[in-house]
Amino acid sequence: MKIKLGVIFGGETVEHEVSIISAIQAINKIDQEKYEVVPIYITKDREWYTGAMLTDVEVYQDLDLIKKYATNVVLYCKNGSFVLQSKGLFKKIITDLDVVFPIVHGTNVEDGVLQGYLQTIGIPYVGSNVYASVVGQDKAYMRDIFKANDINCPNYIWFYDSDFKNNQEEIIKKIEKIGYPVIVKPATTGSSIGIGVAKDKDKLKEAIEEAINYDSKIVVEEMIPNLMEVNIAVLGNYEHQETSVIEEVLSKSSFLTYEEKYIGSSKVKGKLGAKMSAVKGSKGMASADRKIPADISDKMTKEVEELAVRVFKALGSSGNARIDMLIDTKAKKVYVNEINSIPGSLAFYLWDPKGKDYTELLDDMINIAIKDYKRRESKTHSFKTNILQGFAKNGLKGMKGKVQK
């Protein structure tokens, strides 16, 4: 009997379309002999839909068609089973699910919000838990954890939008102690959305105001000189981890932009070049320019691998996460930039050179999720005793005269 796998994507996030690309890529590579895939699309206005049509990327050019022909559903636990039920006057169970695979990016979905709902109803799900998802999305919390664990990251400060409005000059003075140029980032967005570079005070103010359009919390950090950007993926959980090949990101800008990530020229150097050029349509993160493997020494390769595992464990990550790093090539110093709990295209292109194709990677991620679920269920989360039994009879006696009517 096949495992019923619900793949969730979309959501109210600025990375909505990126999520669709990543999810459909994965759906096309999931082992159809082992899994019965049920697509679950969350619209930008938070409605959930399912239907076979949702596996065709062409459908998303006209969202009204989805609302007309797909089935509007809710996911909940009913009599110990996890079901998708239609909404409306004549409700019916569309299907049940065994496990859920969130392939989502950004706020309201990747940041622990969706994971919290899934954990509340009790369904097994792929990827990091609520806590790791929260800190994996929030660049301020993330850096604070790095600092506490002696994990090297660029010098930074973070602040709220209200702090900047009320104490602008004080915050700018703190930033200028870091020294120009600096990178300004919304704390919880991904895909390089809202990020800017500032080389002087005027540009700094502009970059901060732009970032505030996307988030209430802002991170400003030093720009690493002699920069090489490298990425590596880690697969596993807190007990066991394995690392992918390391890629060198090729960018014409000061940082890898949204356009370079998702609307790039797909110039991929190395063994994956021919394979990537054969992929048609949107390629998600696979469209970014990169060199695989990265042109770094064996010693630095080992340093990046060990640092990636430390980051993965420090944040309590699970599944397949991509860790982005910055290297000062002159000083030969490695800095951790951030972790992506659910990376674009699930970073599948980093595993193929190690002999793990996309189908196997997806299967590994689902198996890790099931193991995590069994471990979570083995822990004590509630007590069978009910301290409220008899409370109405005995516990309210002392409250007589205190209850206001």
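Look a little higher up for the structure.
What comes next concerns the included structure.

What counts and how
Residues numbered from 1 in each chain as written. Predicted model: local features only at pLDDT ≥ 70, side-chain atom pairs only at ≥ 80, totals over all residues. Heavy atoms only, no water. Buried < 20%, exposed > 50% of the residue type's maximum accessible area, 1.4 Å probe, protein only. Helix = DSSP H or I, 4+ residues; strand = E, 2+ residues; numbered from the N terminus. Pairing = 2+ DSSP bridges. Phe/Tyr/Trp six-rings, centres within 6.5 Å; stacked < 30°, edge-to-face > 60°. Lys NZ or Arg CZ within 6 Å of the ring centre and 35° of its normal. Axes fitted to C-alpha atoms, helices over the stretch in contact; angles between N-to-C directions. Parallel < 35°, antiparallel > 145°, perpendicular 65-115°, else oblique. Left-handed = near helix turned anticlockwise from the far one by under 90°. Contact = heavy atoms within 4.5 Å.

**A closer look at the pairing of strand E18 (residues 333-340)**
Next up, step 1: In terms of burial, E18 is largely enclosed, as seven of its eight residues are buried.
Next up, step 2: Where strand E17 (residues 319-328) meets E18, seven bridges bridge the pair, whose relative direction is antiparallel. In the strand pairing of E18, Ile-323 is matched with Ile-339.
Next up, step 3: In this antiparallel pair of consecutive strands, E17 and E18, the connection spans four residues, and Lys-332 shows a positive phi of 55 degrees.

**Some thoughts on the packing of aromatic side chains**
Next up, step 1: Applying the stated criterion across every chain yields a total of eight aromatic pairs.
Next up, step 2: The interplanar angle of 75 degrees and the centroid separation of 6.0 Å between the aromatic rings of Trp-48 and Tyr-117 together place this pair among those described as edge-to-face. Of the two residues, Trp-48 is situated in strand E3 (residues 48-50) and Tyr-117 in helix H3 (residues 113-121); the sequence distance between them amounts to 69 residues.
Next up, step 3: Judged by its relative accessible area of 14%, Trp-48 falls in the buried class.
Next up, step 4: The exposure class assigned to Tyr-117 is partly exposed, which follows from its relative accessible area of 32%.
Next up, step 5: Taking NZ or CZ as reference, Lys-217 lies 3.6 Å from the ring centre of Tyr-141, over its face.

**Focus: the packing of helix H7 (residues 168-178) against helix H8 (residues 201-212)**
Next up, step 1: Where H7 meets H8, the axes come as close as 12 Å, and the angle between the chain directions of the two elements is 115 degrees. Judged by the inter-axis angle, H7 sits roughly perpendicular to H8. In the crossing of H7 with H8, the sense of the turn from one axis to the other is right-handed. Only Lys-201, Leu-204, Lys-205 and Ile-208 of H8 make contact with H7, whose side of the interface consists of Gln-168, Glu-169, Ile-172, Ile-175 and Glu-176.

**Some remarks on the sheet that holds strand E7 (residues 99-102)**
Next up, step 1: One open sheet holds the seven strands; their spatial order is E6-E5-E4-E3-E2-E1-E7, and the pairing between them is mixed. The open sheet terminates on both sides in strands that have one partner only, identified here as strand E6 (93-97) and E7. Within this sheet the neighbouring strands show an average axis-to-axis angle of 35 degrees, counted without direction.
Next up, step 2: Pairing of strand E1 (residues 3-10) with E7, which is carried by four bridges, proceeds in the parallel orientation. Across the sheet, the residue bridging to Val-7 is Phe-101, located in E7.
Next up, step 3: Along the sheet face, helix H1 (residues 16-27) touches E1 and strand E2 (35-42) and points at about 155 degrees away from the line of E1.
Next up, step 4: The strands that H3 touches are E1, E3, strand E4 (71-78), strand E5 (81-86) and E7; relative to E4, the one it contacts most, it runs at about 50 degrees.

Taken by themselves, the reported measurements are silent on function.
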